[in-house]
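Each chain is listed here by its residues.
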Amino acid sequence: MKQRFALLALALALAASPLAACAKPISAMTAAELLDLGEKRLLDMNYEMAIVYFDRLIEVEPKNARAYAGLAEVYIALGREDEAVAVLEQGLVQVPNSPALLAQLEALRP
């Protein structure tokens, strides 16, 4: 019985080790990783984490139009259209004439 328990514990530890190896602090992530995770969290409707990833991406790469677009989508999904408009306007300051940002902003304005 003890041997089975030891084998089970070892199997669980080995199974969990790849997951632990993938864990990376947000501050150490690349722009591509932040964008990917932000978009995944948006699709999963995990809006609070999507905000964290998109905000960090904007800090790291302020001229990334997809970061502003993604963050605006999160705010729209949360019913916070005023914040979405503010994010899009901020994005257009950094990335003037971005077709994606302009289209999103136009869709939000009456």
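Criteria and thresholds
Per-chain numbering applies: the sequence of each chain, read as written, is numbered from 1 onward. Given that the model is predicted, a residue must reach a pLDDT of at least 70 before its local features are reported, and side-chain atom pairs must reach 80 or more before they are shown or counted; all residues, however, enter totals for whole chains, interfaces and linings. Water and hydrogen atoms play no part in the side-chain values, which are based on all heavy atoms of the structure. Each helix is a run of H or I in the DSSP string that is no shorter than four residues. Each strand is a run of E no shorter than two, and both are numbered from the N terminus. The classification of residues rests on relative accessible area computed with a 1.4 Å probe and restricted to protein chains. Under 20% of the type maximum is buried, over 50% is exposed, and intermediate values are partly exposed. Two residues form a contact once any of their heavy atoms are found within 4.5 Å. Residue-level accessible areas treat just the shown protein chains as cover; the underlying method is Shrake-Rupley with a 1.4 Å probe. pLDDT expresses, on a scale from 0 to 100, how confident the predictor is about each individual residue. Every angle, taken between N-to-C directions, lies between 0 and 180 degrees, and every axis is a line fitted to C-alpha atoms, over only the stretch in contact when it is a helix. Small angles under 35 degrees read as roughly parallel and large ones over 145 as roughly antiparallel, with 65 to 115 read as roughly perpendicular and the rest as oblique. It is the rotation of the near helix from the far one that decides the hand of a crossing: anticlockwise by less than a right angle makes it left-handed, clockwise makes it right-handed.

1. Some words on the overall build of the chain
When helices and strands are counted, the chain shows six helices and zero strands. Across the chain, helices and strands are ordered from the amino to the carboxyl terminus as α-α-α-α-α-α. Each of the 110 residues in the chain was classed as buried or not, and the buried ones make up 32%. Long-range contacts, defined as pairs at least 24 residues apart, comprise 40% of the intrachain contacts of the chain with a sequence gap of at least 6. Total accessible area on the chain stands at roughly 7,200 Å², and carbon and sulfur atoms take up 63% of it.

2. Considerations on the confidence of the model for the chain
Confidence in the prediction for the chain averages 86 pLDDT; 80% of positions are at 70 or higher. Across residues 4-21, confidence stays below pLDDT 50; counting only partners more than four residues off in sequence or on other chains, it has zero contacts.

3. Comments concerning unusual backbone geometry
Most of the time, phi is negative for any residue but glycine, and the peptide bond is trans. Here the phi dihedral of Met45 falls at roughly 60 degrees; this positive angle occurs in a residue that is not glycine. By the secondary structure assignment, Met45 is in the loop between α2 (31-43) and α3 (47-60). The backbone phi angle of Asn97 is positive, close to 65 degrees, even though this residue is not glycine. Relative to the assigned elements, Asn97 resides in the loop between α5 (81-94) and α6 (99-108).

4. Considerations on the side chain of Gln104
Following the sequence through the fold, Gln104 ends up in helix α6. On the accessibility criterion, Gln104 (16% relative accessible area) is buried. Contact partners of Gln104, with chain neighbours within four places excluded, come to Ala69, Ala72, Glu73 and Leu88.

5. Examining the packing of helix α4 (residues 65-77) against α6
The N-to-C vectors of α4 and α6 enclose an angle of 25 degrees; their axes lie 10 Å apart at closest approach. What the angle tells us is that α4 and α6 run roughly parallel. At the point where α4 passes α6, the crossing takes the left-handed sense. Within the contact between the two elements, α4 uses Ala65, Tyr68, Ala69, Ala72, Glu73 and Ile76 and α6 uses Leu101, Gln104 and Leu108.

6. Side note on the environment of Val52
Mapping Val52 onto the fold places it in helix α3. Val52 sits 19 residues away from Leu71 along the chain, and the two C-alpha atoms are 9.3 Å apart.

7. A short note on the environment of Asp55
Residue placement: Asp55 occurs in helix α3. Considering only alpha carbons, one finds Asp55 and Tyr68, 13 residues apart in sequence, at a separation of 8.5 Å.

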